[in-house]
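Chain and residue survey
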Amino acid sequence: MEQDGSRRRRRRLGPTYRFSDLPDDVLHRILLRLGSAPAAARTSVLSQRWRRVWTRLPGLVFRDHGPLRNRSFLSAVDGGLARYSAPTLRALHISMFHVASRVPAARVAGWLRFAAEHVAGDLLLCLPWLPAGGDAEELLGVGHGFRQLRLPPAGAFAALTVMVIRDARIDARDLERVVCWQCPFLLELHLVAIALVAVSDIILRSTSLRRLNFEVGNTTRLVLDTPSIEELSVSNLAKVSVVALKLEEIVPRHDASDPHRRRLLARHLRWLAVKGSHLVMPVLMRHFDTVDQLELDLAVSSGEDYKSFLRATTKLAKCDVFVVKLTTEWHAYESSLLYLLRKLAGTRKVVVHLPWTEGPPCMPGCNCGRKGSLNIDYIKLESLEVVEINDFTGEDHQVKILKLLLLCKNISASRIVINISRLFRWLSEGTCQRIRDEAHPGSDIKFNVWLNGRWEPYA
């Protein structure tokens, strides 16, 4: 009788909706918001159906932040990969951040085998640093504080499109083999804070690769045989060779509205960043005619090094956006910055990262003191629309740089955005007014401050 009464009450109240009745794709979206595979696996206690839902997630993320749970974390990764039942995986991220963590060789090899068979998208493997004096297993080699990652000698990452490797020691030939032969559809390769086991050249051949971030120590020369490359970043590299490039049809901006506009064949990049050494600049500028965004983060010294800098940057690729950050040692910042600005043509936006501190004066006889080094008359920038100034603190040496830039007619006539350093929340009104007073009458100058995770206008 009681059961009949409950049924009647349920009928009066209408149908009952449960999480388990939701379709798999909705449940996947819910579980992905948990941010990690172990958290998703713990939802198995909710119902029998949820025991299998997490095993078919489109992405798996494993993160370990402490040494106390190292063994349980490794077991969680192994167990999660073993129970995964979908044929393909869009993303696999395994990150261990604590320096005291240990990763046995056999376990990492198993993770890479799983990735080769299932990942059709992003693979991120972040292993911890080896502490000083620590011992290493067969995967791990001690040297410069890094672990040595031995990539699988056989098999293909047939569907892998994005690979990120950070903080590791790698054999040059292993790296070449994986990129050239084992990843036929690789689109992005990010090698960050990597050191080669031995000083060596690196040859990267890939017809599919479109984005490369190359920050690999002990590299004597990088050889690029990547005809589809669109975005390139190189750090602290002394030599580079470009073997194959794809010519693109481009339309000059001033001809865009002309129905009979002429088309040019050019070697084009969407993004090019050169960091640290300027020595690779002549080769890159010779091979790439146009760049949507050109970023230079260079170290400049005095004497012969400054002469080398001048020779290396004689020609800059034509770019829409130019980003510059210079680190000077016994050398004046202003002359180097103005020299680069004189080389620009057709640039719509210039982004300048100001130096935090004022460097010591140049050594006697430095070329930056020659006549005309601070001359702004040869800075054309006829197409300039926006100038963005970053890391502004109001220090006298920064105000001096801004005053010099504002003497240029085209810079002063453009829209100027000055972003106050994120370490500061306040500037004196007098400092802001000093900058406005130096600009041409009617100049559009705005100050921004970083608040609540975004740039806000500074009143």
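Residues numbered from 1 in each chain as written. Predicted model: local features only at pLDDT ≥ 70, side-chain atom pairs only at ≥ 80, totals over all residues. Heavy atoms only, no water.

1. Describing the overall build of the chain
A tally of regular secondary structure across the chain gives 13 helices and 17 strands. The 459 residues of the chain split such that 47% are buried. For the chain, long-range pairs separated by at least 24 residues make up 64% of all intrachain contacts whose partners lie at least 6 apart in sequence. (Helix = DSSP H or I, 4+ residues; strand = E, 2+ residues; numbered from the N terminus. Buried < 20%, exposed > 50% of the residue type's maximum accessible area, 1.4 Å probe, protein only. Contact = heavy atoms within 4.5 Å.)

2. Some points on the environment of Tyr 339
One can find Tyr 339 in helix α10 (residues 333-342). Taking the C-alpha atoms as reference points, Tyr 339 and Ser 373, separated by 34 residues in sequence, lie 7.4 Å from one another. Residues in contact with Tyr 339, not counting those within four places in the same chain, are Phe 309, Leu 310, Thr 313 and Thr 314.

3. Digging into α10
In terms of burial, α10 is largely enclosed, as 9 of its 10 residues are buried. On the buried face of α10, the contacting elements are β11 (290-301), α9 (304-312), β12 (318-329), β13 (349-353), α11 (396-406) and α12 (409-413).

4. Overview of the confidence of the model for the chain
Keep in mind that low pLDDT regions are not for reading the predicted coordinates in detail. With 71% of its residues at a pLDDT of 70 or more, the chain has an overall mean of 78. Within the chain, strand β9 (residues 247-250) has the poorest average pLDDT of any element, 50, and β13 the best, 97. Low pLDDT (under 50) marks residues 249-256, which in the prediction has 22 contacts with non-local residues, meaning those over four places away or in another chain. Contacts from residues 259-265, a stretch scored under 50 in pLDDT, to residues over four places away or in other chains number 18 contacts. (pLDDT = per-residue confidence, 0-100.)

5. A word on the pattern of salt bridges
Any two side chains of opposite charge can pair, on the condition that their charged atoms come close. For the coordinates displayed, the defined rule picks out 16 salt bridges. In this structure, the salt-bridge partner of Arg 211 is Glu 231, at a minimum N-O distance of 1.9 Å. Here Arg 211, found in strand β6 (residues 211-225), pairs with Glu 231, found in strand β7 (residues 231-235); they are 20 residues apart in sequence, far enough to count as distant. Judged by its relative accessible area of 12%, Glu 231 is buried. A salt bridge links Lys 307 to Glu 304; its shortest N-O distance comes to 3.4 Å. Of the two residues, Lys 307 and Glu 304 are both situated in helix α9; the distance of 3 residues between them amounts to about one turn of the helix. (Salt bridge = Lys/Arg side-chain N within 4 Å of Asp/Glu carboxyl O.)

6. Considering unusual backbone geometry
Its identity is not glycine, yet Asn 218 carries a phi of approximately 70 degrees, on the positive side. Mapped onto the secondary structure, Asn 218 falls in strand β6. At Asp 391, a position not held by glycine, the phi torsion is positive, near 65 degrees. Mapped onto the elements, Asp 391 comes out in strand β14 (residues 386-392).

7. Considerations on the pairing of strand β16 (residues 444-451)
Two strands pair when backbone bridges link them, and strand β15 (residues 415-420) and β16 are joined in this way by 5 bridges, in the parallel orientation. Paired with Asn 419 across the bridge in β16 is Asn 448. Regarding topology, helix α13 (residues 429-438) serves as the crossover connection from β15 to the parallel β16, and that connection is right-handed. Here β16 folds back onto strand β17 (residues 454-457), and the loop between the two strands holds 2 residues, one of which, Asn 452, carries a positive phi near 55 degrees. (Pairing = 2+ DSSP bridges. Right-handed = clockwise from strand over helix to strand, strands pointing away.)

8. Brief notes about the packing of α10 against α11
Viewed as axis vectors pointing N to C, α10 and α11 meet at an angle of 30 degrees, and their least axial separation amounts to 11 Å. The pairing of α10 with α11 is recorded here as roughly parallel in orientation. For the pair α10 and α11, the crossing hand works out as right-handed. Along the contact surface, α10 presents Tyr 333, Glu 334, Leu 337, Leu 338 and Leu 341, while α11 presents Lys 400, Ile 401, Leu 404 and Leu 405. Of the residues that constitute the contact of α10 with α11, the class distribution is 7 nonpolar, no polar and 2 charged. (Axes fitted to C-alpha atoms, helices over the stretch in contact; angles between N-to-C directions. Parallel < 35°, antiparallel > 145°, perpendicular 65-115°, else oblique. Left-handed = near helix turned anticlockwise from the far one by under 90°. Nonpolar A, V, L, I, M, F, W, Y, C, P; charged D, E, K, R; others polar.)

9. A look at the state of the cysteines
Taken as a whole and judged by the stated rule, the model has 0 disulfides. Counting only cysteine sulfurs, Cys 183 is the nearest neighbor of Cys 180, a cysteine outside any disulfide, at a range of 9.7 Å. (Disulfide = S-S within 2.5 Å.)

10. What to know about the pairing of strand β3 (residues 119-126)
Judged by how many residues are buried, β3 sits mostly within the fold: 6 of 8 residues are covered. Here strand β2 (residues 89-96) pairs with β3 via 6 bridges, running parallel. Residue pairing in the sheet places Leu 89 in a bridge with Val 119 of β3. Pairing of β3 with strand β4 (residues 162-170) involves 5 bridges; the strand directions are parallel. Bridge assignment links Leu 124 to a residue of β4, and that residue is Val 164.

11. Side note on the environment of Trp 271
For Trp 271, the position within the fold is in strand β10 (residues 264-276). Sequence-wise, Trp 271 and Thr 290 are 19 residues apart; in three dimensions their C-alpha atoms are separated by 9.7 Å. A distance of 3.0 Å separates the side chain of Trp 271 from the side chain of Glu 295, its partner in a polar contact. (Polar contact = N/O pair within 3.5 Å; in protein donor to acceptor, adjacent residues only side chain to side chain.)

12. Comments concerning the packing of aromatic side chains
Taken as a whole and assessed by the stated rule, the structure comprises 5 aromatic pairs. With centroids separated by 6.3 Å and ring planes inclined at 50 degrees, the aromatic side chains of Phe 309 and Tyr 339 adopt a geometry described as tilted. Residue Phe 309 is located in helix α9, and its partner Tyr 339 is located in helix α10; the two are separated by 30 residues in the primary sequence. Both residues of the pair, Phe 309 and Tyr 339, belong to the buried class. Grouped by ring-pair contacts, the aromatic residues Tyr 306, Phe 309 and Tyr 339 constitute a single cluster. Lying across the ring of Trp 450, Arg 422 places its NZ or CZ 3.7 Å from the centre. (Phe/Tyr/Trp six-rings, centres within 6.5 Å; stacked < 30°, edge-to-face > 60°. Lys NZ or Arg CZ within 6 Å of the ring centre and 35° of its normal.)

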